[in-house]
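# Descriptive structure summary
So the chains spell out like this:
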Amino acid sequence: MQKTVKKEDLITVSYIDNRALVVALKAMADALLELNKGNIRQSKNYFYMMHSGILENEKVKEPKLTVESIYHAVDSEKARIAAALHEFVAGETRQTLRMGGFMRNDWSCVYTSKKTKKVLMSFLVEQELSY
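Here goes a summary of the coordinates provided. (Residues numbered from 1 in each chain as written. Predicted model: local features only at pLDDT ≥ 70, side-chain atom pairs only at ≥ 80, totals over all residues. Heavy atoms only, no water.)

## Section: helix α2 (residues 76–89)
With 14 residues, α2 extends 20 Å between its outermost C-alpha atoms, agreeing within 8% with the 20 Å of an ideal straight helix rising 1.5 Å per residue. Residues of α2 that are buried include every one of A79, A82, H86 and V89, and no others. Along the axis of α2, the buried residues cluster in a sector spanning 105°; they form a single face. Of the exposed residues in α2, the ones pointing more than 90 degrees away from its buried face are S76, R80, E87 and F88. Tucked inside the fold, the buried residues of α2 contact β1 (93–99), β2 (107–113) and β3 (119–126). By the N-cap criterion, in which a side-chain oxygen at the helix start approaches the backbone nitrogen of a residue two or three places on, α2 is capped by D75, the distance to E77 being 3.1 Å. (Helix = DSSP H or I, 4+ residues; strand = E, 2+ residues; numbered from the N terminus. Expected span 1.5 Å × (residues − 1). Buried < 20%, exposed > 50% of the residue type's maximum accessible area, 1.4 Å probe, protein only. Arc of directions from axis to C-beta. Contact = heavy atoms within 4.5 Å. Polar contact = N/O pair within 3.5 Å; in protein donor to acceptor, adjacent residues only side chain to side chain.)

Below is the structure:
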């Protein structure tokens, strides 16, 4: 297959051990196309992370990401520590959550004080690193 897939190209996907996978991929692709308003070149990371949030509503809309969304990207010990820190400052801060680049497991959550408007802390995940 060429690097760029054209509309007329045929792609066949099969996975005998789990037939539901093909259905899930098709549902995600259809929802992503609707989310991107038909623009197949506009990338959205929700497909690559298989974010079920885009399939939760009758009408497709962009899912609201929460800090809990990034816990899957770190091991259980770091997730436990991050959850404890989040719980400690969540009420006093505004959280800004971002996903990383195309097909990457990069995340950031920046905690900004509601009173002083200064960054109190950040939770960063870059592929295998987290700090």
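## Some details on the environment of S52
The topology assignment puts S52 in the loop between α1 (20–35) and α2. When the C-alpha atoms of S52 and P63 are compared, they prove to be 8.5 Å apart, with eleven residues separating the residues in sequence.

## Quick look at the nonpolar core
If you look at the biggest cluster of nonpolar residues, it comprises 22 residues, and the most contacted ones within it are I70, Y71, W107, C109 and F123. Going through the elements one at a time, α1, α2, β2 and β3 are the ones with two or more residues in this core. Ranked by residues supplied to this core, first place goes to α1 with four residues. Ignoring any residue separated from it by four or fewer positions in sequence, one finds Y71 in contact with A79, A82, A83, H86 and F123. (Core = buried A, V, L, I, M, F, W, Y, C linked by side-chain atoms within 4.5 Å.)

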